[in-house]
Amino acid sequence: MVTRRLRDLEYAIRDVAAVANELKKTGQKIYHLNIGDPVIYDFKTPEYISQASADATFAGQNYYVDSLGVRELREAICKYENNKNDIDLKPDDVLITSGVTEGIFFVMAGLLDNNNEFLIPGPSYPVYINYSKFFDGIPVEYELDESDNWEPNIDDLRKKITNKTKAILICSPNNPTGIVYSRNKIKQIIDLAGEYDLPILSDEIYDQITYEKEYVCPSSLSNDVPIIGMNGFSKAHLATGWRMGYIYYHDKLNKLAELKEGIEKLARARLCANSVAQFAAIEAIRNPGPHTDEMVKKLRERRDYSYKRIKQIEGLTCNNADGTFYLFPKIDFKEFTQWNNDKEFVLDLLKKTGICTVYGSGFGNYGKDHFRITFLPDLDTLEIVYNSLEEFLK
Ligand SMILES: Cc1ncc(COP(=O)(O)O)c(C=O)c1O
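Residues numbered from 1 in each chain as written. Predicted model: local features only at pLDDT ≥ 70, side-chain atom pairs only at ≥ 80, totals over all residues. Heavy atoms only, no water.

**Q** Explanation requested: the sheet that holds strand β8 (residues 227–232) in the structure shown.
**A** The strands making up a sheet are joined through hydrogen bonds of the backbone, oriented either antiparallel or parallel. Strand order in the open sheet formed by eight strands is β2-β9-β8-β7-β6-β3-β4-β5, with mixed pairing between adjacent strands. Edge strands, defined here as strands with exactly one partner in the open sheet, are β2 (94–97) and β5 (151–152). Along the sheet face, helix α6 (residues 126–134) touches β3 (117–122), β4 (138–145), β6 (165–171) and β7 (200–203) and points at about 155° away from the line of β4. With respect to the sheet, helix α8 (residues 183–195) is in contact with β4, β5, β6, β7 and β8, its orientation differing from that of β6 by roughly 170°. (Pairing = 2+ DSSP bridges. Helix = DSSP H or I, 4+ residues; strand = E, 2+ residues; numbered from the N terminus. Contact = heavy atoms within 4.5 Å. Axes fitted to C-alpha atoms, helices over the stretch in contact; angles between N-to-C directions.)

Next up, the structure:
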């Protein structure tokens, strides 16, 4: 007795966690390398941001705010985006959302119905697949090419554009592969979108968590092709639980006016995003502090260690991460014949060692034969995990 919309929802990242929780009840120690939440490890929300949130609530700013978001925050975001990515935004081009997650929901609600198609990268962050289907659309994955360091395969993308395609999604730095799309590939995607008159949706949640490779913001390369950017405070400002994000419209020719108006109606229908978190977010964006750089420095060390250990394991291959906090190793099932697929592998690993990762097929068709593992835990924990993984695979 439930709708198709809800019956079809799947979210591997949390589904694996449910199995882990059952195991925990039996006394098994669980190593959570499945969820991309820095705040459950040794990264803490900076005190001055927490203080701003406490100040806001004690100052009585606990009321419904503007459905589009507190104006001061939208102004601060414009300034930030203008400085960082050289794009010219006005406060009305910005909408505050309950995390990027709500932003994806809003945009897909505005673009999809009736089996229309959304081009998303494959492997894909599962929310893109879920929400596309939720709105009676079809998520169509374009290939990220593992043999080309997971760069988007532009020929494949072109082949998959049909007269039902509504938009192309870019997720760079990418979850789950950890890759940062190169400038050249982003330019090619923008050109292709221009050729077919399609908007681009750009998920920029990991834009500040990058290592050696240069991060390029798609909006900084686009003149006429409209881009809806999405970003937030979860990762860079260590505030995952606050559910604080935004979408912005980089749309010089005003091609998205109708979509924007529709999304604003939807935003009004849900009243507003969390008011207290918005007042704290003003502080975070105006006064960024050293916490993001400090986190990236620690993560680089943890990535290097994890990558080195994975490379040493026979039967696993892996591209190194340019950004995010994920690695996405490939499992050679000719070497490991005791498991039939990535899901069996991940569940057996969890049951026997307590190491909780996510099976690659949870990230769509291109994810199969892989697993996603975070490198958020400290080095001591990672050492225990990789010793145990190595032993398990022997
Ligand atoms: C690619 C990507 N987009 C969006 C999100 C969710 O962001 P938010 O916390 O702002 O909803 C995540 C979280 O892991 C993510 O990996």
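**Q** I tried to follow the side chain of N85 on my own but got confused; where do I start?
**A** Position of N85 among the secondary structure elements: in helix α4 (residues 71–85). A polar contact of 2.8 Å, which involves the side chain of N85, links it to the side chain of E81. Ignoring any residue separated from it by four or fewer positions in sequence, one finds N85 in contact with Y215, C217 and S220. (Polar contact = N/O pair within 3.5 Å; in protein donor to acceptor, adjacent residues only side chain to side chain.)

**Q** I keep staring at the pattern of salt bridges and nothing clicks. Help me out?
**A** Where charged atoms of side chains with opposite charge meet at close range, the side chains can pair. The full count for this structure, using the stated rule, is 25 salt bridges. Put simply, K213 and E151 hold a salt bridge, and the shortest N to O gap is 2.9 Å. One end of the pair, K213, is in the loop between β7 and α9 (218–221); the other, E151, is in strand β5, and 62 residues separate them in sequence. Salt-bridge contacts for D191 lead to K187; the nearest nitrogen and oxygen are separated by 3.5 Å. Here D191 pairs with K187, and both are found in helix α8, just four residues apart, close to one helical turn. (Salt bridge = Lys/Arg side-chain N within 4 Å of Asp/Glu carboxyl O.)

**Q** Looking at this structure, how should I read the site of the ligand?
**A** The full set close to the ligand counts 14 residues, and T101, D203, Y206, S234 and R243 are the nearest of them. Summarising the interface, the protein chains cover 93% of the accessible area of the ligand, which totals 400 Å² for the free molecule. Of the residues forming the shell around the ligand, the biggest block, three residues, is contributed by helix α5 (residues 99–111). Its residues placed into classes, the shell around the ligand shows seven nonpolar, four polar and three charged. (Near = heavy atom within 4 Å. Areas by Shrake-Rupley, 256 points an atom, 1.4 Å probe, with all protein chains shown as cover. Nonpolar A, V, L, I, M, F, W, Y, C, P; charged D, E, K, R; others polar.)

**Q** Would you explain the pairing of β2 in this entry?
**A** Consecutive side chains along a regular strand alternate between the two faces of the sheet. Residues of β2 alternate between two faces, with V94 and I96 on one and L95 and T97 on the opposite face, all of them buried. Bridge count for β2 against strand β9 (residues 245–250) is four bridges, and the pairing is antiparallel. Its bridge partner being in β9, L95 is matched across the sheet by I247. (Buried < 20%, exposed > 50% of the residue type's maximum accessible area, 1.4 Å probe, protein only.)

**Q** Looking at this model, I keep getting lost on the sheet that holds strand β15 (residues 371–374). Mind explaining?
**A** In spatial order, the strands read β11-β15-β14; together these three strands make up an open sheet with antiparallel pairing. In the strand order of this sheet, the two ends are held by β11 (326–327) and β14 (358–359), each with one partner. Two elements, β14 and β15, share two bridges in a ladder whose sense is antiparallel. Looking at β15, one finds that V358 is bridged to R372.

**Q** Can you walk me through a nonpolar patch on the surface in this structure?
**A** A cluster of nonpolar residues, V2, L6 and L9, forms a patch on the protein surface that exposes about 240 Å² of accessible area. In this structure, L9 sits in the loop between α1 (4–7) and α2 (12–25). With a relative accessible area of 37%, L9 lands in the partly exposed category. (Patch = residues over 30% accessible without salt bridge, like charges linked within 9 Å, V, L, I, M, F, W, Y side chains within 5 Å.)

**Q** Quick question: what am I supposed to make of helix α12 (residues 291–311) here?
**A** Side chains of residues three or four places apart in an α-helix project in the same direction, reflecting 3.6 residues per turn. With 21 residues, α12 ought to run about 30 Å at 1.5 Å a step, and its terminal C-alpha atoms sit 30 Å apart, in line with that. For α12, the full list of buried residues reads H291, T292, M295, V296, L299, R302, R303, Y305, S306, R309 and I310. Considering only its buried residues, α12 is in contact with α3 (47–58), β10 (316–317), β11, β15 and α14 (379–393). (Expected span 1.5 Å × (residues − 1).)

**Q** Quick question: what am I supposed to make of the environment of E204 here?
**A** Within the secondary structure, E204 sits in the loop between β7 and α9. Residue E204 is classed as buried on the basis of its relative accessible area of 0%. The spatial distance from the C-alpha of E204 to the C-alpha of Y11 is 21 Å, given a sequence separation of 193 residues. When near neighbours in sequence (up to four residues on either side) are disregarded, E204 contacts S172, Y215, C217, P218, G229, M230, N231 and Y248.

**Q** Help me understand the domain arrangement of the chain in this model?
**A** Here the chain is described as being made up of domain 1 (4–44 + 291–393) and domain 2 (47–286). Computed from C-alpha coordinates alone, the two centres of domain 1 and domain 2 are separated by 25 Å. If you look at the interface, domain 1 gives 41 residues, while domain 2 gives 42 residues. Of the roughly 3500 Å² buried at the junction of domain 1 and domain 2 (both faces included), carbon and sulfur atoms supply 56%. Taken as a group, H291, D322 and Y366 account for 22% of the area that domain 1 buries against domain 2, more than any other trio of residues on that side. E212 is the partner of R303 in a salt bridge, and the nearest nitrogen-oxygen pair spans 2.9 Å. If you look at where domain 1 meets domain 2, you find 21 residue pairs in polar contact (both at pLDDT 80 or more). Elements represented by at least two residues in the side of domain 1 that touches domain 2 include exactly α1, α12 and β11. With seven residues, α12 is the largest single contributor of residues to the side of domain 1 that touches domain 2. (Domains from an automatic or database assignment. Buried area = accessible area lost by both parts, 1.4 Å probe.)

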